[in-house]
Amino acid sequence: MADSHDGGGRRPLWRRMAGRDPGESHRVATPLELLSDLCFVVAVAQAAAAFHHALAEGHAGSGVLGYAMVFFAIWWAWMNFTWFASAYDTDDAAYRLLIFAQMAGVLILAAGVPAAFQDRHFGLVTLGYVVMRMALVPLWLRAAHGHPEGRSPALRYALGITLVQLGWVVRLVLPDELELVSFGVLAVADLAVPVWAERVRTTAWHPHHIAERYGLFTIIVLGESILAATVAVQAGLERQINTAALLSVAFSGMVIVFAMWWLYFARPAHRLLASGKTAFAWGYGHYFVFSSAAAIGAGLAVNVDYDSNRAHVGALGAGAAVAVPVAVFLASLWLVHVRPHRPRARVRAAYLAGTVAVLATPFTGLPLPLIAAVLIVLVIAGR
């Protein structure tokens with residue numbers, strides 16, 4: 001690919017989108033991608049905060065449903081941008097402006113999260129999502145024009161994205177009783193667009209770049225959980241709750257997040273991206289990795305609320321608020337990272353046993369310390 005600047009040091013307005021070399025050396029995340037991630041994490045933080053309040057108020061069912069729906073929009077828009085950028089990033093002015101439009105979309109979505117959780121009003125969330133997704137359409141059309149070999153999949157992407165976004169807009173006027181059915185249909189349609197587009201020709205992404213981008217976003221969502229837990233502990237100090245209980249949440253939460261990071265980065269992910277089939281399963285499976293990692297902070301905050309008698313849940317519900325997302329994280333990590341690497345049988349068995357053990361911890365008197373202990377054992381077993 002040509003340099004990002006011309007000989008005079010000025011950034012070109014437009015450069016032919018001919019495709020990046022999938023074997024390019026030293027390919028790393030760009031400053032624009034990092035800025036985009038920061039915008040996405042605003043939406044993640046809003047979703048996690050709303051999830052925390054729903055759980056603390058005893059509305060676990062609606063909270064999980066709202067969180068799953070909102071996080072789908074965040075994850076899917078981020079994922080599609082990430083894979084497109086890996087294949088076609090030109091870093092010219094036109095490209096940057098369209099990515100800025102996508103960032104505006106994710107901030108619109110973030111602003112609509114409270115209404116989506118509290119009143120089931122998805123208008124602003126849908127608007128933000130459509131802005132994010134439609135910002136990719138002119139980029140795919142540019143790819144179709146500038147990269148003849150990739151013209152067919154690029155046009156399919158542009159058409160598929162446009163049609164599905166029209167469906168999301170129409171969904172806003174459907175009766176309330178069709179809310180879940182219409183969401184499921186459109187989510188499946190969105191997920192099917194890349195499968196349909198890549199049937200004619202696989203887009204040439206960069207394995208190392210993709211692995212790094214996913215790793216960075218994992219760090220970001222874990223960092224959001226750390227922030228949420230820190231704010232919760234600070235609130236606990238202000239409420240002057242029992243010191244031992246607060247230290248248990250703080251220390252256990254810290255160990256849990258650190259161990260999750262350790263487990264995620266225990267094996268190099270780029271080796272799993274050797275084929276399109278494997279890459280699809282790996283990329284799609286990260287919905288559960290990301291969403292569960294971001295939910296940990298909400299669960300820890302619920303435990304602080306419980307210890308300060310401000311949560312409308314019992315000990316079992318407070319423990320489950322952390323145990324369930326940790327178990328989902330372990331199970332999804334086993335599917336997308338551990339099992340494909342074909343580790344020793346004892347490592348595979350340890351993950352499965354650890355998932356079951358974590359789910360059992362809410363029935364004990366010390367769920368958070370025991371979850372932390374299970375994760376420490378997994379870190380040691382996976383070495």
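For the structure, see preceding data.
For clarity, every value in this text was computed on a predicted model and none was experimentally measured.

### Some details on the environment of Leu35
Mapped onto the secondary structure, Leu35 falls in helix H1 (residues 31–56). As a C-alpha pair, Leu35 and Met103 span 68 residues in sequence and 8.6 Å in three-dimensional space. When neighbours within four sequence positions are excluded, Leu35 is seen to be in contact with Phe100 and Met103.

### So, the side chain of Ser332
Residue placement: Ser332 occurs in helix H11 (residues 315–338). With relative accessibility at 6%, the residue Ser332 sits in the buried group. A polar side-chain atom of Ser332 sits 3.1 Å from the main-chain carbonyl oxygen of Phe329.

### So, the environment of Val336
Turning to its location among the elements, Val336 is positioned in helix H11. The buried category is assigned to Val336, whose relative accessible area is 6%. With 272 residues separating them in the primary sequence, Val336 and Val64 have C-alpha atoms 22 Å apart. Discounting chain neighbours no more than four positions away, the residues touching Val336 are Leu272, Ala281, Trp282, Gly285, His286 and Val289.

### Brief notes about the packing of aromatic side chains
Aromatic ring pairs: the centre-centre distance and the angle between the two ring planes describe each pair. A full pass over the atoms with the stated rule returns 28 aromatic pairs. Ring geometry for Trp140 against Tyr157: centres 4.1 Å apart, planes inclined by 5°, an arrangement best described as stacked. Residue Trp140 is located in helix H5 (residues 136–146), and its partner Tyr157 is located in helix H6 (residues 151–171); the two are separated by 17 residues in the primary sequence. For the pair formed by Trp140 and Tyr157, the shared burial category is buried. When the centroid spacing of 4.9 Å and the interplanar angle of 75° are considered together, the rings of Tyr264 and Phe265 count as edge-to-face. For Arg171, the ring lying beneath its charged end belongs to Phe122, and the centroid distance is 5.7 Å. Of note, Arg339 hangs over the ring of Trp334, and the distance from its end group to the ring centre comes to 5.8 Å.

### Some thoughts on unusual backbone geometry
Backbone geometry at Arg120 places phi at a positive 60°, although glycine is not the residue there. Residue classification places Arg120 among the partly exposed positions, given a relative accessible area of 25%. Of note, Asn309 is a non-glycine position whose phi angle comes to about 60°, a positive value. Secondary-structure assignment places Asn309 in the loop between helix H10 (276–307) and H11.

### Description of helix H9 (residues 243–264)
Here H9 spans 32 Å end to end across 22 residues, near enough to the 32 Å set by a 1.5 Å rise per residue. Where H9 is concerned, the buried positions are Leu246, Val249, Ser252, Gly253, Val255, Ile256, Val257, Ala259, Met260, Leu263 and Tyr264.

Calculation rules
Residues numbered from 1 in each chain as written. Predicted model: local features only at pLDDT ≥ 70, side-chain atom pairs only at ≥ 80, totals over all residues. Heavy atoms only, no water. Helix = DSSP H or I, 4+ residues; strand = E, 2+ residues; numbered from the N terminus. Contact = heavy atoms within 4.5 Å. Buried < 20%, exposed > 50% of the residue type's maximum accessible area, 1.4 Å probe, protein only. Polar contact = N/O pair within 3.5 Å; in protein donor to acceptor, adjacent residues only side chain to side chain. Phe/Tyr/Trp six-rings, centres within 6.5 Å; stacked < 30°, edge-to-face > 60°. Lys NZ or Arg CZ within 6 Å of the ring centre and 35° of its normal. Expected span 1.5 Å × (residues − 1).

That's the geometry; what it means functionally is another story.
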